[in-house]
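Report on the structure
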Amino acid sequence: MAKPTPVASPEEAAALRRRLRRLVATVAAGSADAEAFDEAAEALAKLRDAELAPRKDRAVAAAGGVGKGGAEAAAVPEQFLCPISSEIMRDPVVLASGQTYDRRFIQEWLSAGNRTCPQTQQVLSNTILIPNHLVRSMISQWCTDNGITLPPVENQDEDLITNNERKTFSKIFERIASSSSLSEQREAIKDLRLLTKSNSSLRAAIGENPDSISQMISTVSNPELENNADVLEDMVTTILNLSIHESNKKIIGDDPLAPPFLIRALQSGTMEARSNAAAAIFSLSALNSNKVKIGELGAMRPLVDLLEHGSMIAKKDAASAIFNLCMLHENKSRATKSGVIDVTLKAIADDLLVDESLAILALLSGDHETVEEIGETGGVASMLGVIKEDQCKRNKENAVAVLFAVCMYDRTKLREVAEDENLNGSLAWLAQNGTSRARRKAAGILDKMKRAVHHTHYSC
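- An unreviewed UniProt entry annotates the chain as RING-type E3 ubiquitin transferase originating from Panicum virgatum.
- According to the UniProt record, the Catalytic activity (unreviewed entry) comment for the chain is "S-ubiquitinyl-[E2 ubiquitin-conjugating enzyme]-L-cysteine + [acceptor protein]-L-lysine = [E2 ubiquitin-conjugating enzyme]-L-cysteine + N(6)-ubiquitinyl-[acceptor protein]-L-lysine."
- UniProt, in its Pathway (unreviewed entry) section for the chain, records the words "Protein modification; protein ubiquitination."

**So, the overall build of the chain**
- Across its full length, the chain carries 26 helices and three strands.
- Long-range contacts, defined as pairs at least 24 residues apart, comprise 66% of the intrachain contacts of the chain with a sequence gap of at least 6.
- With an accessible surface of roughly 22,300 Å², the chain has 51% of that area assigned to carbon and sulfur atoms.

**Things to note about the packing of helix α6 (residues 163–178) against helix α9 (residues 212–220)**
- Running from amino to carboxyl end, α6 crosses α9 at an angle of 35 degrees, the nearest separation of the two axes being 9 Å. Here α6 runs over α9; the crossing is left-handed. Of the residues in α9, those in contact with Phe169, Phe173, Ile176 and Ala177 of α6 are Ser212, Gln215, Met216 and Thr219.
- A breakdown of the residues in the contact of α6 with α9 according to their chemical character gives five nonpolar, three polar and no charged.

**Brief notes about the sheet that holds strand β3 (residues 130–131)**
- The strand order across the open sheet formed by three strands is β2-β1-β3, and the pairing between neighbours is antiparallel. Since the sheet does not close on itself, it has two edges, and those belong to β2 (100–102) and β3, each with one partner.
- Bridge analysis of strand β1 (residues 92–94) against β3 gives two bridges, and the strand direction is antiparallel. Residue pairing in the sheet places Val93 in a bridge with Pro131 of β3.

**Focus: the packing of aromatic side chains**
- What the rule picks out here adds up to two aromatic pairs.
- Between Phe80 and Trp142 the ring centres are 6.2 Å apart and the planes differ by 70 degrees, which places this aromatic pair in the edge-to-face class. A residue pair is termed long-range when its members are at least 10 positions apart, and Phe80 in the loop between α3 (55–63) and β1 and Trp142 in helix α5 (residues 133–145) qualify at 62 residues.
- Summarising the aromatic geometry, the rings of Phe169 and Phe173 are spaced 6.4 Å apart at their centres and angled 0 degrees between planes, so their arrangement reads as stacked. Of the two residues, Phe169 and Phe173 are both situated in helix α6; the distance of four residues between them amounts to about one turn of the helix.
- Accessibility expressed as a relative area gives 17% for Phe173, which makes it buried.

**Quick word on the environment of Ala188**
- On the secondary structure map, Ala188 appears in helix α7 (residues 182–198).
- We classify Ala188 as buried; its relative accessible area is 0%.
- Sequence spacing of Ala188 and Glu174 is 14 residues, and the spatial spacing of their C-alpha atoms is 8.9 Å.
- Non-local contacts of Ala188, meaning those with residues more than four positions away in its chain, are made with Ile172, Arg175 and Ile176.

Parameters and conventions
- Residues numbered from 1 in each chain as written.
- Predicted model: local features only at pLDDT ≥ 70, side-chain atom pairs only at ≥ 80, totals over all residues.
- Heavy atoms only, no water.
- UniProt positions renumbered as here; feature names shortened; annotations may be inferred.
- Helix = DSSP H or I, 4+ residues; strand = E, 2+ residues; numbered from the N terminus.
- Contact = heavy atoms within 4.5 Å.
- Areas by Shrake-Rupley, 256 points an atom, 1.4 Å probe, with all protein chains shown as cover.
- Axes fitted to C-alpha atoms, helices over the stretch in contact; angles between N-to-C directions.
- Left-handed = near helix turned anticlockwise from the far one by under 90°.
- Nonpolar A, V, L, I, M, F, W, Y, C, P; charged D, E, K, R; others polar.
- Pairing = 2+ DSSP bridges.
- Phe/Tyr/Trp six-rings, centres within 6.5 Å; stacked < 30°, edge-to-face > 60°.
- Buried < 20%, exposed > 50% of the residue type's maximum accessible area, 1.4 Å probe, protein only.

See the structure below:
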């Protein structure tokens, strides 16, 4: 019996694609010999085997091993797989379309000249990739629960800044800061937005000139520029572009003018400016020190307002920023006071941003003030509805986690839950078929219900 062909690792598949591109370029140029054709055919055959391998095998290969009890014991949740590679994402990033991909595969797609989202075919407004810390933490927890170890993300070399790029940055900055012509300043700001979007080395150059951010914002504070919606949008987007570079997050967060500028844009900019300001806050809030500053400066209320009234892309950016900020305990109370409970429960009722809203509520459910408000504003019925009707296991898990917190805080809610359970049996089903966390929470609620019934009978 022939041995099955081993599944290629992600690194091997990526190397095959690079090799194939070089060979195809040689063939297309008309300079290939017979050996080049044979080598290209061999690379294509190997890549075909790698790309068409069974989905589960590829996911497990990407994880670098098997889980407890072997690969069959760990069915990988669909949302943890990169839509391009069908492998567990090691470095999930969000594209401008709102879809999440593994960085190396979507970067390869974009580097090939594609400017559409592979899933939605939406034309991309930009090619910025923002780390999806929420999905990354969920994948990490799932891997821990299932005994799977993901290989570490490869360290990417720091972007090398050339003298030409330094000169380019210096010239643009001089046009912004020193030109006496407002039209020239507007053009320079737009040029900087475009260059920081496409040139990662230029984004790194800001690290050599940290004071330039304040100076640029000060220039934009000129009333004739400040009241120009396009200038505000360009400047906000430039800060977003710069924030993608990891070492810039602290520089921008520490800048005395940058975070307040982003919050002003959240309050009064165009919809795109508000969306990009939220995306910039999401990017910056990867650092705990930035979570503290941004929360203290009052970002939460305009973010919640954008979550309620923004475009769909803006709502997603706002939800991501709120989630990241609320990973800091102090910001949970700020989010609740800003009305996030009403907004997220309404979003769930309207079947909009259900995943994001449930993730926020689950994160906030460790705060007593928040749990009390969830219980008082129809949260129990909302969570029971998700547990009954939503097909996503992660959403059921978050819903039952919120429900558990409410029932532990206010035992009177157990009666409402018990009535629903007697009709539908949703918690009993979840206690048997949910994720490991969902099973624990569902079992905990059922146990409290039994204790409550026993106590009532005993009292009688």
